[in-house]
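Below are the chains, spelled out letter by letter.
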Amino acid sequence: MDKGSAPATESADAPLPRLGRSIRREWLLEEGMIFLNHGSFGATPRRVLRAQQDWRLALERQPIHFMIDILPAALRTAASELAAFLGATGQDVAFVDNATTGVNSVLRSLRLQPGDEVLTTSHVYPAVGKTISYVCRRTGAVPVHVAVPFPCAGPQEVVDRVVRAMTPRTRLLVIDHITSATALVLPVHELTREARQRGILVLVDGAHAPGMLPLDLPTFATDWYTGNCHKWLCGCKGSAFLWGNPESEAAQSDIHPPVISHFLDENWPAEFDFIGTRDYSPWLSVPEALRFLQDLGGERVMEHNRILARKGALVLQSTLGIAPAAPESMLGSIITLPWPGTETPSDEMAQDLRRALWENHRIELMVLCFDGRLWFRISAHAYNEIDDYERLAEVLQTHLPSRPGVG
Ligand SMILES: Cc1ncc(COP(=O)(O)O)c(C=O)c1O
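What you are looking at is a predicted structure, and each value in this text was computed from that prediction instead of being measured.

Enquirer: What exactly am I supposed to notice about the domain arrangement of the chain here?
Expert: Frequently, the measure chosen for interface size is the accessible area that the parts lose on association. Taken as a whole, the chain is organised into domain 1 (20-32 + 298-402) and domain 2 (52-292). The C-alpha centroid of domain 2 is placed 27 Å from the C-alpha centroid of domain 1. Residue-level contacts link 25 residues of domain 1 with 27 residues of domain 2. Together domain 1 and domain 2 conceal approximately 2100 Å² of surface at their shared face, both sides included; 69% is due to carbon and sulfur atoms. Between domain 1 and domain 2 we count zero salt bridges in total. In this assembly, domain 1 and domain 2 are joined by six residue pairs in polar contact (both at pLDDT 80 or more). Among the secondary structure elements, those contributing two or more residues to the side of domain 1 that touches domain 2 are helix H12 (299-320), strand E9 (334-338), strand E11 (366-370) and strand E12 (373-379). The residue inventory of the side of domain 1 that touches domain 2, partitioned by class, reads 14 nonpolar, six polar and five charged.

This is the structure:
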(Lines give C-alpha, C1' and ligand atoms only; values in the text may rest on other atoms or scores of the structure.)
Protein backbone atom coordinates (compact mmCIF):
# COMPACT_ATOMS: atom_id res chain seq x y z
CA MET A 1 0.00 0.00 0.00
CA ASP A 2 1.20 3.56 -0.70
CA LYS A 3 1.51 5.46 2.52
CA GLY A 4 -1.19 8.10 2.56
CA SER A 5 -3.72 5.99 0.67
CA ALA A 6 -6.69 4.47 2.43
CA PRO A 7 -5.48 0.94 3.23
CA ALA A 8 -7.26 -1.69 1.17
CA THR A 9 -6.28 -4.76 3.13
CA GLU A 10 -8.10 -4.17 6.39
CA SER A 11 -11.50 -5.59 6.94
CA ALA A 12 -14.06 -4.21 9.33
CA ASP A 13 -13.84 -7.55 11.17
CA ALA A 14 -10.18 -7.19 12.13
CA PRO A 15 -9.68 -7.19 15.92
CA LEU A 16 -9.19 -3.86 17.65
CA PRO A 17 -6.24 -3.10 19.89
CA ARG A 18 -7.18 -2.50 23.56
CA LEU A 19 -8.22 1.15 23.50
CA GLY A 20 -11.61 2.79 23.98
CA ARG A 21 -13.32 4.01 27.13
CA SER A 22 -10.56 2.84 29.45
CA ILE A 23 -8.20 5.45 28.01
CA ARG A 24 -10.71 8.27 27.61
CA ARG A 25 -9.52 9.87 30.85
CA GLU A 26 -6.33 10.75 28.98
CA TRP A 27 -8.42 13.51 27.42
CA LEU A 28 -10.47 16.19 29.16
CA LEU A 29 -13.59 15.18 27.23
CA GLU A 30 -16.64 15.78 29.43
CA GLU A 31 -18.05 12.74 31.18
CA GLY A 32 -21.19 11.40 29.54
CA MET A 33 -20.89 13.03 26.15
CA ILE A 34 -20.52 10.99 23.00
CA PHE A 35 -17.83 12.67 20.97
CA LEU A 36 -18.12 11.79 17.31
CA ASN A 37 -16.48 14.87 15.87
CA HIS A 38 -12.77 14.63 16.52
CA GLY A 39 -12.31 15.84 12.96
CA SER A 40 -13.34 19.47 13.27
CA PHE A 41 -10.94 20.73 15.91
CA GLY A 42 -9.31 17.63 17.42
CA ALA A 43 -9.10 17.05 21.17
CA THR A 44 -5.84 17.48 23.06
CA PRO A 45 -4.84 14.97 25.76
CA ARG A 46 -3.94 16.12 29.25
CA ARG A 47 -0.28 15.22 28.97
CA VAL A 48 0.18 17.20 25.77
CA LEU A 49 -1.45 20.20 27.44
CA ARG A 50 0.91 19.74 30.39
CA ALA A 51 3.90 19.75 28.05
CA GLN A 52 2.57 22.91 26.46
CA GLN A 53 2.23 24.53 29.87
CA ASP A 54 5.78 23.52 30.76
CA TRP A 55 7.02 25.39 27.70
CA ARG A 56 4.99 28.44 28.66
CA LEU A 57 6.42 28.39 32.16
CA ALA A 58 9.95 27.99 30.84
CA LEU A 59 9.45 31.14 28.78
CA GLU A 60 8.02 33.14 31.65
CA ARG A 61 10.87 32.20 33.99
CA GLN A 62 13.53 33.58 31.63
CA PRO A 63 11.74 35.59 28.93
CA ILE A 64 14.77 36.99 27.13
CA HIS A 65 17.06 33.98 27.43
CA PHE A 66 14.21 31.72 26.34
CA MET A 67 13.14 33.73 23.28
CA ILE A 68 16.66 34.44 22.06
CA ASP A 69 18.77 31.47 23.14
CA ILE A 70 16.37 28.55 23.66
CA LEU A 71 13.50 28.95 21.25
CA PRO A 72 15.25 28.79 17.84
CA ALA A 73 16.98 25.47 18.52
CA ALA A 74 13.96 24.04 20.38
CA LEU A 75 11.74 24.76 17.38
CA ARG A 76 14.13 23.05 15.01
CA THR A 77 14.32 20.02 17.32
CA ALA A 78 10.53 19.83 17.36
CA ALA A 79 10.43 20.21 13.58
CA SER A 80 12.94 17.37 13.16
CA GLU A 81 10.86 15.06 15.34
CA LEU A 82 7.73 15.92 13.38
CA ALA A 83 9.60 15.49 10.11
CA ALA A 84 10.78 12.01 11.12
CA PHE A 85 7.14 11.06 11.70
CA LEU A 86 6.28 12.39 8.23
CA GLY A 87 9.17 10.65 6.47
CA ALA A 88 10.74 14.03 5.83
CA THR A 89 13.70 16.12 6.95
CA GLY A 90 13.39 18.79 9.65
CA GLN A 91 14.85 21.46 7.42
CA ASP A 92 11.96 21.06 4.97
CA VAL A 93 9.26 21.41 7.60
CA ALA A 94 8.05 24.86 8.65
CA PHE A 95 5.62 25.27 11.51
CA VAL A 96 2.42 27.21 10.85
CA ASP A 97 -0.63 27.77 13.02
CA ASN A 98 -3.03 25.68 11.00
CA ALA A 99 -3.65 24.27 7.55
CA THR A 100 -5.40 27.50 6.56
CA THR A 101 -2.15 29.36 7.22
CA GLY A 102 -0.15 26.74 5.33
CA VAL A 103 -2.40 27.17 2.29
CA ASN A 104 -2.29 30.97 2.60
CA SER A 105 1.50 30.95 2.76
CA VAL A 106 1.75 29.24 -0.62
CA LEU A 107 -1.14 30.90 -2.41
CA ARG A 108 -0.28 34.41 -1.31
CA SER A 109 3.41 33.99 -2.14
CA LEU A 110 3.00 32.63 -5.67
CA ARG A 111 3.26 35.21 -8.41
CA LEU A 112 0.16 34.25 -10.34
CA GLN A 113 -0.37 35.92 -13.72
CA PRO A 114 -3.63 37.02 -15.34
CA GLY A 115 -5.21 33.99 -17.00
CA ASP A 116 -3.37 31.43 -14.87
CA GLU A 117 -5.78 28.78 -13.62
CA VAL A 118 -5.86 27.50 -10.06
CA LEU A 119 -7.53 24.12 -10.14
CA THR A 120 -9.34 22.47 -7.26
CA THR A 121 -12.45 20.36 -6.72
CA SER A 122 -15.98 21.05 -5.55
CA HIS A 123 -14.98 19.35 -2.26
CA VAL A 124 -12.37 21.97 -1.38
CA TYR A 125 -12.50 23.24 2.20
CA PRO A 126 -14.46 26.52 2.12
CA ALA A 127 -11.68 28.61 3.73
CA VAL A 128 -9.24 27.29 1.15
CA GLY A 129 -11.71 27.99 -1.66
CA LYS A 130 -11.97 31.56 -0.40
CA THR A 131 -8.20 31.95 -0.28
CA ILE A 132 -8.04 30.80 -3.89
CA SER A 133 -10.74 33.35 -4.83
CA TYR A 134 -8.87 36.09 -2.96
CA VAL A 135 -5.53 35.55 -4.68
CA CYS A 136 -7.23 35.13 -8.05
CA ARG A 137 -9.16 38.37 -7.78
CA ARG A 138 -5.94 40.23 -6.90
CA THR A 139 -3.91 38.75 -9.75
CA GLY A 140 -6.36 38.10 -12.56
CA ALA A 141 -5.86 34.35 -12.19
CA VAL A 142 -8.92 32.13 -12.59
CA PRO A 143 -10.24 29.68 -10.00
CA VAL A 144 -11.49 26.42 -11.53
CA HIS A 145 -13.60 24.16 -9.32
CA VAL A 146 -14.08 20.80 -10.99
CA ALA A 147 -17.28 19.06 -9.91
CA VAL A 148 -16.73 15.65 -8.30
CA PRO A 149 -20.03 13.92 -7.57
CA PHE A 150 -20.89 12.72 -4.09
CA PRO A 151 -21.62 9.83 -3.50
CA CYS A 152 -18.32 9.06 -5.16
CA ALA A 153 -17.85 5.97 -7.37
CA GLY A 154 -14.13 5.64 -6.62
CA PRO A 155 -10.69 7.22 -6.89
CA GLN A 156 -10.55 6.83 -10.67
CA GLU A 157 -13.61 9.03 -11.05
CA VAL A 158 -11.77 11.79 -9.20
CA VAL A 159 -8.60 11.35 -11.26
CA ASP A 160 -10.56 11.37 -14.53
CA ARG A 161 -12.46 14.51 -13.68
CA VAL A 162 -9.52 16.48 -12.34
CA VAL A 163 -7.23 15.46 -15.21
CA ARG A 164 -9.90 16.47 -17.75
CA ALA A 165 -9.94 19.93 -16.17
CA MET A 166 -6.16 20.43 -16.51
CA THR A 167 -5.29 22.84 -19.32
CA PRO A 168 -2.10 24.50 -20.58
CA ARG A 169 -3.09 27.46 -18.39
CA THR A 170 -3.34 25.43 -15.18
CA ARG A 171 -0.61 26.76 -12.91
CA LEU A 172 -1.50 25.16 -9.60
CA LEU A 173 -3.55 22.21 -8.39
CA VAL A 174 -4.85 22.53 -4.83
CA ILE A 175 -6.05 19.12 -3.72
CA ASP A 176 -7.34 17.87 -0.39
CA HIS A 177 -5.80 14.68 0.90
CA ILE A 178 -8.94 14.01 2.93
CA THR A 179 -11.91 16.17 2.08
CA SER A 180 -13.65 17.88 4.94
CA ALA A 181 -17.41 17.67 4.39
CA THR A 182 -17.39 14.47 2.38
CA ALA A 183 -14.52 12.72 4.21
CA LEU A 184 -12.99 11.19 1.07
CA VAL A 185 -9.38 10.06 0.94
CA LEU A 186 -8.43 11.39 -2.48
CA PRO A 187 -5.87 9.72 -4.80
CA VAL A 188 -3.15 12.27 -4.17
CA HIS A 189 -0.30 10.19 -5.63
CA GLU A 190 -2.05 9.76 -8.98
CA LEU A 191 -3.26 13.36 -9.17
CA THR A 192 0.19 14.69 -8.37
CA ARG A 193 1.77 12.48 -11.01
CA GLU A 194 -0.68 13.72 -13.64
CA ALA A 195 -0.20 17.35 -12.63
CA ARG A 196 3.57 17.26 -12.56
CA GLN A 197 3.73 15.59 -15.99
CA ARG A 198 2.01 18.73 -17.24
CA GLY A 199 4.24 21.14 -15.32
CA ILE A 200 1.50 22.04 -12.85
CA LEU A 201 2.49 22.92 -9.28
CA VAL A 202 0.72 20.91 -6.57
CA LEU A 203 -0.31 21.99 -3.09
CA VAL A 204 -1.86 19.27 -0.96
CA ASP A 205 -4.18 20.32 1.83
CA GLY A 206 -3.67 17.44 4.25
CA ALA A 207 -5.45 19.09 7.18
CA HIS A 208 -6.84 15.76 8.42
CA ALA A 209 -4.12 13.36 7.36
CA PRO A 210 -1.32 13.46 9.99
CA GLY A 211 -2.26 10.93 12.63
CA MET A 212 -5.09 9.50 10.51
CA LEU A 213 -3.02 7.92 7.73
CA PRO A 214 0.64 6.89 7.79
CA LEU A 215 2.53 9.50 5.78
CA ASP A 216 5.76 9.50 3.84
CA LEU A 217 5.70 12.97 2.33
CA PRO A 218 8.51 12.64 -0.22
CA THR A 219 6.61 9.81 -1.95
CA PHE A 220 3.85 12.24 -2.85
CA ALA A 221 6.30 14.34 -4.86
CA THR A 222 4.01 17.32 -4.44
CA ASP A 223 5.51 20.79 -4.23
CA TRP A 224 3.90 21.53 -0.89
CA TYR A 225 1.99 19.60 1.72
CA THR A 226 0.31 21.26 4.68
CA GLY A 227 -1.20 19.33 7.58
CA ASN A 228 -2.56 19.91 11.05
CA CYS A 229 -1.05 18.51 14.22
CA HIS A 230 -4.06 19.64 16.28
CA LYS A 231 -6.52 17.22 14.69
CA TRP A 232 -5.59 13.51 14.54
CA LEU A 233 -2.13 13.90 16.06
CA CYS A 234 -3.79 15.36 19.18
CA GLY A 235 -1.43 18.32 19.33
CA CYS A 236 -2.31 21.67 20.84
CA LYS A 237 -4.53 24.06 18.94
CA GLY A 238 -2.42 26.15 16.60
CA SER A 239 0.05 23.44 15.63
CA ALA A 240 0.45 22.59 11.97
CA PHE A 241 3.15 22.42 9.32
CA LEU A 242 3.97 23.29 5.76
CA TRP A 243 6.37 20.95 3.99
CA GLY A 244 8.29 22.36 1.05
CA ASN A 245 9.60 19.60 -1.18
CA PRO A 246 13.38 20.07 -1.45
CA GLU A 247 13.22 18.44 -4.92
CA SER A 248 10.94 21.19 -6.21
CA GLU A 249 12.54 24.42 -7.38
CA ALA A 250 9.47 26.43 -6.48
CA ALA A 251 8.76 25.02 -3.05
CA GLN A 252 11.15 26.78 -0.71
CA SER A 253 12.22 29.94 -2.51
CA ASP A 254 10.04 33.03 -2.37
CA ILE A 255 7.41 31.30 -0.22
CA HIS A 256 6.66 33.43 2.82
CA PRO A 257 4.46 33.14 5.88
CA PRO A 258 1.44 35.46 5.75
CA VAL A 259 3.10 37.51 8.54
CA ILE A 260 6.36 39.08 7.36
CA SER A 261 8.86 39.58 10.17
CA HIS A 262 12.59 39.83 10.88
CA PHE A 263 13.76 36.95 8.75
CA LEU A 264 12.29 37.90 5.38
CA ASP A 265 14.20 36.21 2.55
CA GLU A 266 16.37 34.14 4.86
CA ASN A 267 16.48 30.51 3.87
CA TRP A 268 13.38 28.39 4.44
CA PRO A 269 12.30 27.71 7.18
CA ALA A 270 13.92 30.55 9.18
CA GLU A 271 11.27 33.00 8.05
CA PHE A 272 8.50 30.79 9.41
CA ASP A 273 10.25 30.13 12.73
CA PHE A 274 9.85 33.66 14.02
CA ILE A 275 6.72 35.64 13.20
CA GLY A 276 6.83 38.11 16.06
CA THR A 277 6.31 37.80 19.78
CA ARG A 278 3.73 35.10 20.41
CA ASP A 279 3.07 31.83 22.15
CA TYR A 280 5.20 29.19 20.41
CA SER A 281 4.20 26.45 22.85
CA PRO A 282 1.77 24.65 20.47
CA TRP A 283 4.68 23.99 18.10
CA LEU A 284 7.12 23.12 20.86
CA SER A 285 4.75 20.54 22.32
CA VAL A 286 4.25 18.63 19.03
CA PRO A 287 6.91 16.04 20.07
CA GLU A 288 4.83 15.21 23.15
CA ALA A 289 1.79 14.65 20.93
CA LEU A 290 3.90 12.33 18.77
CA ARG A 291 5.01 10.40 21.86
CA PHE A 292 1.42 10.19 23.08
CA LEU A 293 0.28 8.70 19.78
CA GLN A 294 3.27 6.38 19.76
CA ASP A 295 2.50 5.18 23.30
CA LEU A 296 -1.08 4.43 22.26
CA GLY A 297 0.17 2.25 19.45
CA GLY A 298 1.39 4.52 16.64
CA GLU A 299 0.21 3.26 13.27
CA ARG A 300 -1.88 0.61 15.04
CA VAL A 301 -3.99 3.29 16.65
CA MET A 302 -4.54 4.92 13.28
CA GLU A 303 -5.65 1.54 11.98
CA HIS A 304 -7.90 1.06 15.00
CA ASN A 305 -9.55 4.38 14.29
CA ARG A 306 -10.17 3.62 10.64
CA ILE A 307 -11.59 0.20 11.42
CA LEU A 308 -13.80 1.56 14.18
CA ALA A 309 -15.14 4.31 11.91
CA ARG A 310 -16.07 1.66 9.34
CA LYS A 311 -17.72 -0.53 11.93
CA GLY A 312 -19.61 2.50 13.20
CA ALA A 313 -20.70 3.36 9.67
CA LEU A 314 -21.96 -0.20 9.15
CA VAL A 315 -24.04 0.01 12.33
CA LEU A 316 -25.58 3.29 11.17
CA GLN A 317 -26.17 2.04 7.64
CA SER A 318 -27.96 -1.11 8.74
CA THR A 319 -29.99 0.52 11.53
CA LEU A 320 -31.07 3.51 9.49
CA GLY A 321 -31.27 1.85 6.07
CA ILE A 322 -28.84 4.29 4.47
CA ALA A 323 -26.25 3.62 1.80
CA PRO A 324 -22.51 4.32 1.97
CA ALA A 325 -21.38 7.33 -0.05
CA ALA A 326 -17.90 6.09 -0.98
CA PRO A 327 -16.05 2.81 -1.51
CA GLU A 328 -13.95 1.45 1.37
CA SER A 329 -10.75 2.40 -0.42
CA MET A 330 -11.61 6.07 0.10
CA LEU A 331 -12.42 5.92 3.81
CA GLY A 332 -10.36 7.07 6.76
CA SER A 333 -11.41 7.67 10.35
CA ILE A 334 -14.07 10.19 9.39
CA ILE A 335 -16.97 8.94 7.28
CA THR A 336 -19.82 10.95 5.78
CA LEU A 337 -23.22 9.31 5.42
CA PRO A 338 -26.57 10.55 4.12
CA TRP A 339 -28.79 12.11 6.78
CA PRO A 340 -31.71 9.73 7.16
CA GLY A 341 -34.46 12.37 7.53
CA THR A 342 -36.36 14.38 4.96
CA GLU A 343 -35.56 17.91 6.14
CA THR A 344 -35.09 20.64 3.58
CA PRO A 345 -31.32 20.87 3.30
CA SER A 346 -29.65 24.10 4.35
CA ASP A 347 -26.67 25.10 6.46
CA GLU A 348 -29.07 26.42 9.10
CA MET A 349 -30.95 23.11 9.22
CA ALA A 350 -27.68 21.23 9.58
CA GLN A 351 -26.71 23.43 12.52
CA ASP A 352 -30.16 23.03 14.11
CA LEU A 353 -29.84 19.25 13.91
CA ARG A 354 -26.30 19.29 15.32
CA ARG A 355 -27.39 21.53 18.17
CA ALA A 356 -30.45 19.37 18.94
CA LEU A 357 -28.31 16.23 19.14
CA TRP A 358 -25.99 18.01 21.53
CA GLU A 359 -28.62 19.64 23.70
CA ASN A 360 -30.97 16.68 23.93
CA HIS A 361 -28.59 13.73 23.80
CA ARG A 362 -25.09 15.05 24.51
CA ILE A 363 -23.93 13.67 21.16
CA GLU A 364 -21.45 15.83 19.26
CA LEU A 365 -21.86 15.06 15.57
CA MET A 366 -21.11 17.05 12.43
CA VAL A 367 -24.25 17.53 10.34
CA LEU A 368 -23.72 19.32 7.05
CA CYS A 369 -25.22 20.37 3.78
CA PHE A 370 -23.29 19.39 0.63
CA ASP A 371 -24.47 19.59 -2.96
CA GLY A 372 -28.05 20.26 -1.93
CA ARG A 373 -28.36 17.31 0.48
CA LEU A 374 -27.99 16.78 4.21
CA TRP A 375 -25.26 14.49 5.50
CA PHE A 376 -23.63 13.63 8.78
CA ARG A 377 -19.99 12.85 9.45
CA ILE A 378 -18.86 10.44 12.14
CA SER A 379 -15.34 10.15 13.49
CA ALA A 380 -13.37 7.58 15.47
CA HIS A 381 -10.39 8.13 17.71
CA ALA A 382 -8.78 5.95 20.35
CA TYR A 383 -11.34 6.85 23.05
CA ASN A 384 -14.41 5.83 21.01
CA GLU A 385 -16.17 2.48 21.22
CA ILE A 386 -18.71 0.81 18.97
CA ASP A 387 -21.55 1.59 21.37
CA ASP A 388 -21.03 5.31 20.62
CA TYR A 389 -22.29 4.63 17.10
CA GLU A 390 -24.98 2.25 18.32
CA ARG A 391 -26.27 5.01 20.60
CA LEU A 392 -26.23 7.52 17.72
CA ALA A 393 -28.09 5.04 15.52
CA GLU A 394 -30.69 4.47 18.24
CA VAL A 395 -31.19 8.21 18.76
CA LEU A 396 -31.54 8.91 15.06
CA GLN A 397 -33.89 5.97 14.58
CA THR A 398 -36.04 6.66 17.63
CA HIS A 399 -36.25 10.40 17.45
CA LEU A 400 -36.31 11.20 13.78
CA PRO A 401 -40.12 11.20 13.63
CA SER A 402 -40.12 14.19 15.98
CA ARG A 403 -37.88 16.32 13.73
CA PRO A 404 -36.58 18.98 13.53
CA GLY A 405 -35.65 18.85 17.20
CA VAL A 406 -34.34 15.25 17.03
CA GLY A 407 -36.07 14.42 20.27
C1 LIG B 1 -9.54 19.82 4.20
C2 LIG B 1 -9.37 20.89 5.24
N3 LIG B 1 -8.59 21.93 4.97
C4 LIG B 1 -8.37 22.91 5.86
C5 LIG B 1 -8.97 22.88 7.09
C6 LIG B 1 -8.72 24.00 8.03
O7 LIG B 1 -8.05 23.58 9.15
P8 LIG B 1 -7.61 24.70 10.18
O9 LIG B 1 -8.87 25.34 10.69
O10 LIG B 1 -6.89 23.99 11.25
O11 LIG B 1 -6.78 25.68 9.43
C12 LIG B 1 -9.82 21.82 7.42
C13 LIG B 1 -10.48 21.78 8.71
O14 LIG B 1 -11.21 20.90 9.06
C15 LIG B 1 -10.03 20.80 6.46
O16 LIG B 1 -10.82 19.76 6.72
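Enquirer: Looking at this structure, I do not really get the sheet that holds E9. What am I missing?
Expert: Adjacent strands of a sheet pair through backbone hydrogen bonds, lying either parallel or antiparallel. Across the sheet, which stays open at both edges, the three strands sit in the order E9-E12-E11 with antiparallel pairing between neighbours. Every other strand in the sheet has two partners, leaving E9 and E11 as the edge strands with one partner each. Averaged over all pairs of adjacent strands, the angle between their axes in this sheet comes to 35°, without regard to strand direction. Bridge analysis of E9 against E12 gives five bridges, and the strand direction is antiparallel. Looking across to E12, one finds that Leu337 is bridged to Phe376. Seen against the sheet, helix H13 (residues 347-361) touches E11 and E12 and runs at an angle of roughly 170° to E11.

Enquirer: How should I be thinking about unusual backbone geometry in this particular structure?
Expert: The general pattern is negative phi for most residues beyond glycine and trans for most peptide bonds. In this structure, Pro151 follows Phe150 across a cis peptide bond, with omega equal to 0°. With respect to the helices, strands and loops of the structure, Pro151 is situated in the loop between strand E4 (142-146) and helix H6 (155-164). Residue Pro269 is reached from Trp268 by a cis peptide bond, and omega for that bond is 5°. With respect to the helices and strands, Pro269 occurs in the loop between strand E8 (240-244) and helix H9 (270-273). The phi torsion at Asp265 lies on the positive side, around 70°, for a residue other than glycine. Secondary-structure assignment places Asp265 in the loop between E8 and H9.

Enquirer: What am I meant to see in the pairing of strand E7 (residues 224-228) here?
Expert: In summary, the side chains of a regular strand alternate between the two faces of the sheet. By the criterion of burial, E7 is predominantly enclosed, with five of the five residues buried. Burial along E7 is two-sided: the face carrying Trp224, Thr226 and Asn228 and the face carrying Tyr225 and Gly227 are both buried. One ladder, built from four bridges, connects strand E6 (residues 201-206) with E7; its direction is parallel. Within E7, the position partnered with Asp205 by the bridge is Thr226. In terms of strand pairing, E7 meets E8 through five bridges, oriented antiparallel. Residue pairing for E8: Tyr225 is matched across the bridge by Trp243.

Enquirer: Teacher, can you tell me more about the pattern of salt bridges here?
Expert: A pair can form between side chains of opposite charge whenever their charged atoms are brought close. Scanning all chains against the criterion turns up 19 salt bridges. As a salt-bridge pair, Arg362 and Glu30 come within 3.7 Å of each other at their nearest N and O atoms. Pair noted here: Arg362 is in the loop between H13 and strand E10 (363-364) and Glu30 is in the segment before strand E1 (34-35), with a separation of 332 residues, a long-range link. Residue class for Glu30 comes out partly exposed when judged on its relative accessible area of 43%. Of the charged contacts, one joins Glu81 and Arg291 as a salt bridge, the two residues approaching to 3.5 Å between their closest N and O atoms. Of this pair, Glu81 sits in helix H3 (residues 63-86) while Arg291 is found in helix H11 (residues 286-296), placing the two residues 210 residues apart along the sequence.

Enquirer: Which parts of the structure should I look at to understand the packing of aromatic side chains?
Expert: What characterises a pair of aromatic rings is the spacing of the ring centres plus the angle enclosed by the ring planes. Across all of its chains, the model carries 14 aromatic pairs by this definition. Taken together, the ring pairs in this structure connect Phe95, Phe263, Phe274, Tyr280 and Trp283 into an aromatic cluster. Over the face of the ring belonging to Tyr280 we find Arg278, whose NZ or CZ atom lies 5.3 Å from the ring centre. When the ring centre of Trp358 is taken as origin, the NZ or CZ atom of Arg362, which lies over that ring, is 4.1 Å away.

So, how was this worked out
- Residues numbered from 1 in each chain as written.
- Predicted model: local features only at pLDDT ≥ 70, side-chain atom pairs only at ≥ 80, totals over all residues.
- Heavy atoms only, no water.
- Domains from an automatic or database assignment.
- Contact = heavy atoms within 4.5 Å.
- Buried area = accessible area lost by both parts, 1.4 Å probe.
- Salt bridge = Lys/Arg side-chain N within 4 Å of Asp/Glu carboxyl O.
- Polar contact = N/O pair within 3.5 Å; in protein donor to acceptor, adjacent residues only side chain to side chain.
- Helix = DSSP H or I, 4+ residues; strand = E, 2+ residues; numbered from the N terminus.
- Nonpolar A, V, L, I, M, F, W, Y, C, P; charged D, E, K, R; others polar.
- Pairing = 2+ DSSP bridges.
- Axes fitted to C-alpha atoms, helices over the stretch in contact; angles between N-to-C directions.
- Buried < 20%, exposed > 50% of the residue type's maximum accessible area, 1.4 Å probe, protein only.
- Phe/Tyr/Trp six-rings, centres within 6.5 Å; stacked < 30°, edge-to-face > 60°.
- Lys NZ or Arg CZ within 6 Å of the ring centre and 35° of its normal.

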